[in-house]
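The lines below spell out each chain.
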Amino acid sequence: MDSKLATTFSKPQSIKRRVRELKELVIRIILFICAASSVLITFGVVWTLLKEAFPFFMEVSVKNFLTDKEWTPLFENPQYGIFNLICGTFLTTAIALSVAIPLGTITAVFLSEYMSNRYREILKPILELLAAVPTVVYGYFALLFVTPLLQKIYPDLSSFNALSAGLVMGVMIIPYVSSLSEDAMRAVPVHLREGSLALGASNLQTSFKVIIPSAFSGIASAYVLGISRALGETMVVAIAAGLQPKISLNPLESTQTLTAYIVQVSQGDLPHGSIGYKTIYVAGVVLLFFTLIFNLIGLRIRSKMEIKFK
Amino acid sequence: MVTTKTDSNIKKAEVVDLTFGYTEKNVLNKISMPIYQNKVTALIGPSGCGKTTLLRCFNRMHDLYGEVRYNGEIKLYPDDINILARDIDPIEVRMKIGMVFQKPNPFPKSIYENISYGLKVRGVKKKSYIDDKVEDSLKKAGLWNEVSDRLHSSATSLSGGQQQRLCIARALATEPDLLLLDEPTSALDPISTAHIEELVTELKKSVTLLMVTHNLHQAARTADYTAFMYLGDLVEFGESSQIFTNPKEQKTENYITGRFG
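Conventions used here
Residues numbered from 1 in each chain as written. Chains lettered and ligands numbered in written order. Predicted model: local features only at pLDDT ≥ 70, side-chain atom pairs only at ≥ 80, totals over all residues. Heavy atoms only, no water. Pairing = 2+ DSSP bridges. Helix = DSSP H or I, 4+ residues; strand = E, 2+ residues; numbered from the N terminus. Contact = heavy atoms within 4.5 Å. Buried area = accessible area lost by both parts, 1.4 Å probe. Salt bridge = Lys/Arg side-chain N within 4 Å of Asp/Glu carboxyl O. Nonpolar A, V, L, I, M, F, W, Y, C, P; charged D, E, K, R; others polar. Buried < 20%, exposed > 50% of the residue type's maximum accessible area, 1.4 Å probe, protein only. Domains from an automatic or database assignment. Polar contact = N/O pair within 3.5 Å; in protein donor to acceptor, adjacent residues only side chain to side chain.

J.: Before we move on, could you go through the sheet that holds strand 5 (residues 81–82) of chain B and cite the residues and values that matter?
T.: Residues and elements named next belong to chain B. Taken together, the 4 strands give an open sheet; going across it, the order is 2-1-4-5, and neighbouring strands pair in antiparallel fashion. A single partner strand is all that each edge strand has here, and the edge strands are strand 2 (26–36) and strand 5. Pairing of strand 4 (residues 69–76) with strand 5, which is carried by 2 bridges, proceeds in the antiparallel orientation. Looking across to strand 5, one finds that K75 is bridged to N82.

Okay, here's the thing in structure tokens:
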């Protein structure tokens, strides 16, 4: 009657059991390899960068690297002041964030606290499309549309400038900030929201005084992702921000970021092992260093908030 | 239906012929009952009877979730205003009527900020006033002695029972006309529950309380009046002593004697 389903206890050495255990083991190994591959690739990338960047410091002293006034590694009298590139990177990133953080956060508040489910399902994917536009398109958008527009307001604006590149980059990363922030806000338990409203708070007060602080760890990681995205962004700044590394925080002038420098130099034919070739890797290491720092900060904020709000 | 003592009681609020529903179906049918000032009124009944729904009509919580139909009135005295009227701002209703939820829901802020939240929302800025109010509310909620030395540490570090008393203090700080309690002890252990029940009895000196409870003994212990609801109807309302010892309706008797529910 029920013989088909009856379980008989097997001996540890029985074939059926061995085969099953072997299968489990194989699957475990495959899963481990998949999980390990991304870690290994990361280490591989870091290793390649460091291996090529290290010889650079045999030729150029760390002191020159940090204190030289200019970044002109391909000129006759080369100078290696990395802060020229760092300055450009941070300038464009700061401009981008000053657009993306306020707009992204407000968008997230609107989506999560004010929109009905039905309209949110329509609007959110449209907003996320902003992130799907190829960055090269954004680059030309900045160069050929935003810059001329800004020049109407401020005629002295150089045609390559940090401002329009930064602004467009900011628009580009809005969806990263808003989408993740919105997820974090909607994950705030409904009883906190109701608790605030029951005390007579308006929707706006609830959003800014209860929802945002409660979701802050999630929102902070959205910001960090935005920062990393802005630091690493290449096409927009290479096209619209110019190719002149300089230590200046003037957003109206042209500048050059770490990424844009890498693009510029790798387009030419630099002989393998030349100093110019090595600078690519050095710039890469510096960039990786900063993204790593911001990721660590983000991780710290998150774990701190999680302990505090547990 | 109740003893002579009622006549000396002042009505704080009154539900008049209240029918409520989200869409077609009515969740509450023609409910009418008084809420007496400085008394504890308990709403009892099996799950799905509409007791929480009725409670949440009092501070218009349902308005947060789309279109709802209120027919009938909830009058708030002494203003004699129907708080369900369309031209009444739900936010102003919530400013007058406080609520404590089933699960303790302190904000992830400090104890002090939790209590002062309702005042800040009302635009109170004066620090000395807020300080006094925080102390006063915590004392009323019986929490002052336990937290007076750590007002600025996180409210979420308190125990469940302390958190619930904090939520009561938070509601009291805004001086509500009426305090709604939605199964305030269902997530708490017996010792914390006893604390809250004592507190409820103590609080009725200064505020009127309306409490939903799943626990019949709790209603019998703490409430002056009890309303028994079943499937959206109010079956019986009366003094708790009468409801629990001498119910008039067969259904009430069956419920309180454990024949169903």
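J.: Describe the interface of chain B and chain A, with residues and values.
T.: On the chain A side, the residues contacting the 27 residues of chain B number 21 residues. Regarding the contact of chain B and chain A, the summed buried area is about 1900 Å², with carbon and sulfur atoms giving 62% of it. If you look at where chain B meets chain A, you find 1 salt bridge. Here E194 of chain A makes a salt bridge to R56 of chain B, at a shortest N to O gap of 2.6 Å. Of all the elements in the fold, those that place two or more residues in the side of chain B that touches chain A are helix 2 (90–96), strand 6 (97–100), helix 3 (111–121) and helix 6 (160–172) of chain B. Across the side of chain B that touches chain A, the residue classes break down as 15 nonpolar, 5 polar and 7 charged.

J.: Lay out helix 1 (residues 51–58) of chain B in plain terms, naming residues and giving numbers.
T.: Residue and element names in this part refer to chain B. Across the 8 residues of helix 1, 7 count as buried, placing the element largely inside the fold. Taken together, the buried positions of helix 1 are K51, T53, L54, L55, R56, C57 and F58. R60 sits one or two positions beyond helix 1 and adopts a positive phi of about 55°.

J.: I'd love a proper account of the domain arrangement of chain A, names of residues and values included.
T.: Residues and elements named next belong to chain A. One can read the domain layout of chain A as domain 1 (2–53) and domain 2 (63–308). If you average the C-alpha positions of domain 1 and of domain 2, the two centres end up 39 Å apart. Between domain 1 and domain 2, the residue contacts involve 6 residues of the former and 8 residues of the latter. Interface area for domain 1 against domain 2, summed over the two sides, is near 580 Å², with a carbon-plus-sulfur share of 82%. Three residues stand out in domain 1 for area buried against domain 2, namely L49, E52 and A53, and they jointly supply 81% of the buried area on that side. For the pair domain 1 and domain 2, the number of links is 0 salt bridges. Between domain 1 and domain 2 we count 0 residue pairs in polar contact (both at pLDDT 80 or more) in total.

J.: Report on the pattern of salt bridges, specifying residues and quantitative values.
T.: Residues and elements named next belong to chain A. Applying the stated criterion to the full structure yields 25 salt bridges over all chains. Residue D183 is joined to K124 by a salt bridge in which the shortest nitrogen-to-oxygen separation is 2.9 Å. Here D183 is found in helix 7 (residues 162–186), whereas its partner K124 is found in helix 5 (residues 117–129), with 59 residues between them in sequence.

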